[in-house]
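Descriptive analysis of the structure
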Amino acid sequence: ETGVTQTPRHLVMGMTNKKSLKCEQHLGHNAMYWYKQSAKKPLELMFVYNFKEQTENNSVPSRFSPECPNSSHLFLHLHTLQPEDSALYLCASSQTGALNTEAFFGQGTRLTVV
Amino acid sequence: TQLLEQSPQFLSIQEGENLTVYCNSSSVFSSLQWYRQEPGEGPVLLVTVVTGGEVKKLKRLTFQFGDARKDSSLHITAAQPGDTGLYLCAGGRWEGAQKLVFGQGTRLTINP
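Predicted model, so just to flag it, every value in this text is computed and none were measured. (Residues numbered from 1 in each chain as written. Chains lettered and ligands numbered in written order. Predicted model: local features only at pLDDT ≥ 70, side-chain atom pairs only at ≥ 80, totals over all residues. Heavy atoms only, no water.)

1. Considerations on the interface of chain A and chain B
The test is simple: Here a residue-residue contact requires only that any non-hydrogen atoms of the pair lie within 4.5 Å. Think of a salt bridge as a Lys or Arg side-chain nitrogen and an Asp or Glu carboxyl oxygen that are within 4 Å of each other. Under the rule applied, a polar contact is a pair of N or O atoms within 3.5 Å (in protein, one hydrogen donor and one hydrogen acceptor; residues adjacent in sequence only if both atoms are side-chain atoms). Numbering of helices and strands starts at the N terminus; helices are DSSP runs of H or I of at least 4 residues and strands are runs of E of at least 2. All amino acids are sorted into three groups, where Ala, Val, Leu, Ile, Met, Phe, Trp, Tyr, Cys and Pro are nonpolar, Asp, Glu, Lys and Arg are charged, and the leftover types, Gly among them, are polar.
Between chain A and chain B, the residue contacts involve 26 residues of the former and 25 residues of the latter. Note that A:R9 and B:E41 form a salt bridge whose closest N and O atoms lie 3.8 Å from each other. Taken together, chain A and chain B are joined by 7 residue pairs in polar contact (both at pLDDT 80 or more). Those elements giving two or more residues to the side of chain A that touches chain B turn out to be β4 (31–37), β5 (44–50), β6 (53–57) and β9 (87–94) of chain A. The greatest single-element share of the side of chain A that touches chain B, amounting to 4 residues, is contributed by β4(A). Considering only residue class, the side of chain A that touches chain B consists of 13 nonpolar, 10 polar and 3 charged.

2. Quick notes on the pairing of strand β11 (residues 109–113) of chain A
Residue and element names in this part refer to chain A. The line we're drawing: Throughout this description, buried means an accessible area under 20% of the type-specific maximum (1.4 Å probe, protein chains only), exposed means over 50%, and partly exposed covers the range between. Two strands pair if DSSP finds at least two bridges between them.
The side-chain alternation of β11 yields one buried face, formed by T109, L111 and V113, and one unburied face, formed by R110 and T112. Two strands pair when backbone bridges link them, and strand β2 (residues 10–13) and β11 are joined in this way by 4 bridges, in the parallel orientation. Note that in β11 the partner of M13 across the bridge is V113. Pairing analysis gives 3 bridges linking β9 to β11, with the strands arranged antiparallel. From the neighbouring strand, A87 faces β11, where its bridge partner is L111.

3. Focus: the confidence of the model for chain A
Defined as follows: Predictor confidence is given residue by residue as pLDDT, running from a minimum of 0 to a maximum of 100.
Looking at chain A as a whole, its pLDDT mean stands at 90, while 95% of the residues score no less than 70. Per-residue pLDDT, averaged within each element of chain A, yields its smallest value for β6(A) (80) and its largest for strand β3 (residues 18–25) of chain A (97).

4. Notes on the packing of aromatic side chains
Residue and element names in this part refer to chain A. To be explicit about the condition: Pairing of aromatic side chains requires ring centres within 6.5 Å, counting the rings of Phe and Tyr and the six-membered ring of Trp. Pairs whose planes differ by under 30 degrees are stacked, by over 60 edge-to-face, and all others tilted.
The final tally for this structure, using the stated rule, is 8 aromatic pairs over all chains. Ring centres of F64 and Y89 lie 5.8 Å apart, and the angle between their planes is 35°; this geometry places the pair in the tilted category. On the criterion of sequence distance, the pair formed by F64 in strand β7 (residues 64–70) and Y89 in strand β9 is long-range, its members being 25 residues apart. Judged by its relative accessible area of 5%, F64 falls in the buried class.

5. Considering the state of the cysteines
All names here are of chain A. Condition: Note on disulfides: each one is a pair of cysteine sulfur atoms within 2.5 Å.
Under the definition given, this model contains 2 disulfides over all chains. Two residues, C23 and C91, share a disulfide whose sulfurs are 1.9 Å apart. Between C23 and C91, the S-S torsion sits near -75°, and that sign places the bridge as left-handed. With a gap of 68 residues between them, C23 in strand β3 and C91 in strand β9 connect regions that are remote in the sequence. Accessibility expressed as a relative area gives 0% for C23, which makes it buried.

6. Brief notes about the layout of surface pockets
In this approach the atoms are scanned with a rolling probe the size of a water molecule, which exposes any empty space left behind. Just so we agree on the cut-off: For each structure, a 1 Å grid was placed over the protein atoms alone; sets of points admitting a 1.4 Å probe that cannot get out are labelled cavities, open sets with protein on both sides within 12 Å along at least five of seven lines are labelled pockets, and lining residues have an atom within 4 Å of a point. Grid points are joined across faces, edges and corners, and a volume is the space filled by probe spheres set on the points.
Volume-wise, the largest pocket comes out at about 610 Å³. Breaking the lining of the largest pocket down by element, the ones donating at least two residues are β5 of chain A together with β10 (98–102) of chain B. The greatest single-element share of the lining of the largest pocket, amounting to 4 residues, is contributed by β10(B). The residue makeup of the lining of the largest pocket, split by class, is 12 nonpolar, 5 polar and 9 charged. Its volume calculated, the second largest pocket comes out at about 480 Å³. Taken together, 25 residues line the second largest pocket, and the ones lying closest to its centre are A:Q37, A:A39, A:K40, B:L86 and B:R107.

7. Some details on the side chain of A:N30
Residue and element names in this part refer to chain A. By the element assignment, N30 lies in the loop between β3 and β4. Exposure remark for N30: the relative accessible area of 10% places this residue in the buried category. The residues touching N30, leaving out its near neighbours within four places in the chain, are Y49, N50, F51, S71, S94, Q95 and T96.

8. With respect to the sheet that holds strand β1 (residues 5–7) of chain B
Residue and element names in this part refer to chain B. Spelled out, the test is: Axis angles are defined between N-to-C directions and span 0 to 180 degrees, where every axis is a line fitted to C-alpha atoms and, for a helix, only to the segment in contact.
The antiparallel open sheet is built from 5 strands, whose spatial order is β1-β3-β8-β7-β6. Strand pairing shows two members of the sheet lacking a second neighbour, β1 and β6 (55–58), which therefore form its edges. Shown here is a sheet whose adjacent strand axes are inclined to one another by a mean of 15°, direction ignored. Relative to strand β8 (residues 71–76), strand β7 (residues 61–65) runs antiparallel, the two being bridged by 5 bridges. The residue of β8 that forms the bridge with T62 is H75.

The structure is reproduced here in structure tokens:
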């Protein structure tokens, strides 16, 4: 398996549920990212992990909790979400240590909060 | 806040026509990337431009980075239905890891 893999592809959850999104990259990269893509809005950077350390939290509400156990895996733990959190959540990875490195995206998890 | 303005947001043209998509910002970026995204999929990188004035060609697609590294354009020659998709530009900034600021996207439809 190659590239960046996200699971699940689709998720429907109630506002009181707790769920987790998973991302795995097989590219040997050491930086991983969570992005949110909502309708009619640009892709928004949520979190950045560099060598397993969180280097950016882009003012994301605490109901989104990221976890990066190693450079190949990234999770996004979700709890007490709101309907406006429904969106496509995209994971990406890149190689640090070089300027202008390219980001590779997973296929995304389509999240619907009901 | 570094913003990228993409235009047009929607474009529907006939097969065989040419088109240009623009990506503009008041900020300078270290690189500019163009992605294409299909429905239900993640963005796929098409090209990265890093030098002011740089021009890159990918078959019928021509990408240009502005001299001041604040803007970019994507030109498609003789568009085909297979070119249909969402085109995203993203400005790169380096802060220990590559961080991308995305434009709103251009939804392109090529009609047979």
